[in-house]
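So the chains spell out like this:
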Amino acid sequence: MRDTSGTKMSGKRAASRFSRLSIVIAASASALLSVVGPTHAAPAKDPLPADIPDYRAALNAVKSTDVRNAVCRFLRTPVPTGDAGKPVQTIPETAEPCQGLPVFTIKDPVAGNEITPGFAAGTARPLPTEAIKLTQLVSSLSTTVNGRNATVILAPTQGGGWHLAAMRDGDSDATYAGKATAGTLVFTEPQIRGWYQLKLLTVEALNDQARQGLGGKASVSLSDYQKLVKARYADKLPGSEYDSKGYSSGYSLQRTDDDASPSALLLAGGSGTALVLVGGAAVLRRRRRTSTR
């Protein structure tokens, strides 16, 4: 008769090792996710992203009649051409701004993240939670309207909620922001219009501007990326001489006194044409292309 006690003991030891390995893998995965931060993909049973505060208010904003009418006025106004220094163009008020335009809807907004001032200054640690910050929500249209699309930009309202801050021609912002997946973050470097994806502690370029920002590389470590942005912006942050001359943008939310108003001014980061709401008046302006050299 064969002695199976050794075999049983070996099987128990193997099962024990497998159990411990499963626990280690699960713990490691949990730790990695906690480093990366919450995902922007909503769980199947919960349609509201847990990492975006007051997301229901954001949904209500993009589905409101006021925002839809503002989009229609924007789409009816030709994009200005020529010198960026020309006076801003006032968008005319119309009783039925959407009348005669093709039917469209505004997609659910997604997170618009940017690098933080502390990360750019080199004072924050190269960790996702200290390097990246949610600054706005962006959304695009379900279809092109007369050959154009638009990006709707929502800004946080003081005391909670979201309000329409600006609109930009095209849908690239919403397209890039929507590339966030489970366990990753997508963020922008507004000064150069660069878009990146952060996977754990690796920064990957999503567009040509981002690749130029990484010195021609496809990806770098988060700590190496911090060295690059520190060299570019450490002397150009709010309060610097560069900022006082009006060249700096993207690292502080520029607000008016009436920040709680739906028509409060929040400048859209980066260059390009954007509709900005100023005290209830809609104007179209072309941002000055910022030099970081």
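### Some remarks on the overall build of the chain
Part 1: Per the secondary structure count, the chain includes nine helices and 11 strands.
Part 2: The buried share of the chain, taken over its 293 residues, is 43%.
Part 3: Nonlocal contacts in the chain, meaning residues at least 24 apart in sequence, comprise 54% of its contacts between residues at least 6 apart.
Part 4: Of the accessible surface of the chain, which amounts to about 15,400 Å², a share of 54% is contributed by carbon and sulfur atoms.

### Observations regarding the pairing of strand β6 (residues 184-189)
Part 1: For β6, the buried fraction is high: six of the six residues fall into the buried class.
Part 2: Alignment of β6 against strand β7 (residues 194-199), held across six bridges, turns out to be antiparallel. Paired with L185 across the strands is L198, a residue of β7.
Part 3: Hairpin remark: β6 followed by β7, antiparallel, with four residues in the connecting loop; positive phi at R193, about 60°.

### What about the nonpolar core?
Part 1: By size, the foremost hydrophobic cluster in this structure holds 26 residues, and its most contacted members are V71, L75, F104, I106, L141, V152 and L154.
Part 2: Among the elements of the structure, α2 (55-62), α3 (65-76), β4 (150-156) and β5 (162-169) are those that each provide at least two residues to this core.
Part 3: Of all the elements, α3 adds the most residues to this core, at six residues.
Part 4: Setting aside residues up to four positions removed in sequence, V71 forms contacts with F104, I106, L141, V152 and M167.
Part 5: Ranked by size, the runner-up nonpolar core spans 18 residues in total, among them F187, L214, L222 and Y233.

### Observations concerning the pattern of salt bridges
Part 1: Throughout the structure, instances matching the rule amount to nine salt bridges.
Part 2: Residue D108 is joined to K63 by a salt bridge in which the shortest nitrogen-to-oxygen separation is 3.7 Å. Here K63 lies in the loop between α2 and α3 and D108 lies in the loop between β1 (89-90) and β2 (110-115), a separation of 45 residues in the sequence.
Part 3: What makes D108 partly exposed here is its relative accessible area of 43%.
Part 4: What makes K63 exposed here is its relative accessible area of 57%.
Part 5: Salt-bridge contacts for R125 lead to E130; the nearest nitrogen and oxygen are separated by 2.5 Å.
Part 6: Classification of E130 as partly exposed rests on a relative accessible area of 24%.
Part 7: Three or more residues joined by partner-sharing salt bridges are found here, namely R168, D173 and R193.

Reading the values: rules and limits
- Residues numbered from 1 in each chain as written.
- Predicted model: local features only at pLDDT ≥ 70, side-chain atom pairs only at ≥ 80, totals over all residues.
- Heavy atoms only, no water.
- Helix = DSSP H or I, 4+ residues; strand = E, 2+ residues; numbered from the N terminus.
- Buried < 20%, exposed > 50% of the residue type's maximum accessible area, 1.4 Å probe, protein only.
- Contact = heavy atoms within 4.5 Å.
- Areas by Shrake-Rupley, 256 points an atom, 1.4 Å probe, with all protein chains shown as cover.
- Pairing = 2+ DSSP bridges.
- Core = buried A, V, L, I, M, F, W, Y, C linked by side-chain atoms within 4.5 Å.
- Salt bridge = Lys/Arg side-chain N within 4 Å of Asp/Glu carboxyl O.

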